[in-house]
Structure formats: structure tokens, C-alpha cells
Amino acid sequence: MSAMTDRNGNTPSPFPLFTTQDWGEAIRKERRARGWSQAEFARMCGRRRQTIIDLEKGRNVSLYTFRIALITLGKGIRIETIGRVELERLAEILRDDDDEDDLES
């Protein structure tokens, strides 16, 4: 294992995932790479298809649901130091999250 690969030989993405939309897109990409439909994936996760749709669109789902989806995909999360986030990027991230909250109200 080199410094640029994980224990499975995968090269980590150079782009951190900040927004819930980023996470949703990553989940969708992994699901599709396996050839699973949303309905199949939902069944494997013990969730409704609508919940998977919401997850993949970056909508508010439970942390437990997110965790189950990752486990089903054979994925995990590693907390790493990424350095300082520029204020403009942070404002964009927080604005995206606030917009989601407004939709639920």
C-alpha cells in the first residue's frame, strides 16, 4: 500500500465531498456501477425506493440510512484533515444545506 492508495489499492478522490448533493451523487455512482436499480438497492438496504431517491438527490435522510447504504455498497467514511475551506466555499455549502431545510418546512 502506497501513500496514494488505500488498503484495497484504490486511489482516494482528490475532491472532498462537502454537500449532501455530492454525497448523493457518489452513492448513485456506486449503485449504478454495480448495476443495481434503486428498487433493488432499497430492498438490500431495507428501505423504500423513495428513501433511496431522496438519498441520491442529497435530501435529508437519517444518518442511519446513509450508513446502511454505505455498508451495502461496501464503503466507509474516513475523517481526514483537508485544510482550511475558503469562506466563499463554506458559504455555498451552508447555503445548500439551508435550502434543503427550507424545503422541509
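Here, the structure is the one placed above.
My aim in this report is to walk through the structure given alongside it, one point at a time. (Residues numbered from 1 in each chain as written. Predicted model: local features only at pLDDT ≥ 70, side-chain atom pairs only at ≥ 80, totals over all residues. Heavy atoms only, no water.)

### Section: the environment of glutamine 38
Line of reasoning, step 1. Summarising the element assignment, glutamine 38 is placed in helix α2 (residues 38-45).
Line of reasoning, step 2. For glutamine 38, a relative accessible area of 17% gives the class buried.
Line of reasoning, step 3. Taking the C-alpha atoms as reference points, glutamine 38 and glutamate 56, separated by 18 residues in sequence, lie 9.5 Å from one another.
Line of reasoning, step 4. In this view, glutamine 38 contacts Arg31, Arg49, Ile52, Ile53 and Glu56; residues no more than four positions away in its chain are not counted.
Line of reasoning, step 5. A distance of 2.9 Å separates the side chain of glutamine 38 from the side chain of glutamate 56, its partner in a polar contact. (Helix = DSSP H or I, 4+ residues; strand = E, 2+ residues; numbered from the N terminus. Buried < 20%, exposed > 50% of the residue type's maximum accessible area, 1.4 Å probe, protein only. Contact = heavy atoms within 4.5 Å. Polar contact = N/O pair within 3.5 Å; in protein donor to acceptor, adjacent residues only side chain to side chain.)

### Observations concerning the packing of α2 against helix α4 (residues 63-72)
Line of reasoning, step 1. Relative orientation of the contacting elements α2 and α4 amounts to 105 degrees, with a least axis distance of 9 Å. Considering the angle they form, α2 stands roughly perpendicular to α4. Residue-level contacts link Phe41, Met44 and Cys45 of α2 to Ile68, Ala69 and Thr72 of α4.
Line of reasoning, step 2. Along the lines of polarity and charge, the residues of the contact of α2 with α4 split into five nonpolar, one polar and no charged. (Axes fitted to C-alpha atoms, helices over the stretch in contact; angles between N-to-C directions. Parallel < 35°, antiparallel > 145°, perpendicular 65-115°, else oblique. Nonpolar A, V, L, I, M, F, W, Y, C, P; charged D, E, K, R; others polar.)

### Here we look at the pattern of salt bridges
Line of reasoning, step 1. In this structure the tally under the stated criterion is five salt bridges.
Line of reasoning, step 2. Residue glutamate 30 pairs with arginine 34 through a salt bridge whose shortest N-O separation is 2.9 Å.
Line of reasoning, step 3. What makes glutamate 30 partly exposed here is its relative accessible area of 24%.
Line of reasoning, step 4. When salt bridges with common partners are traced through the structure, they connect Arg28, Arg31 and Glu56 into a single cluster. (Salt bridge = Lys/Arg side-chain N within 4 Å of Asp/Glu carboxyl O.)

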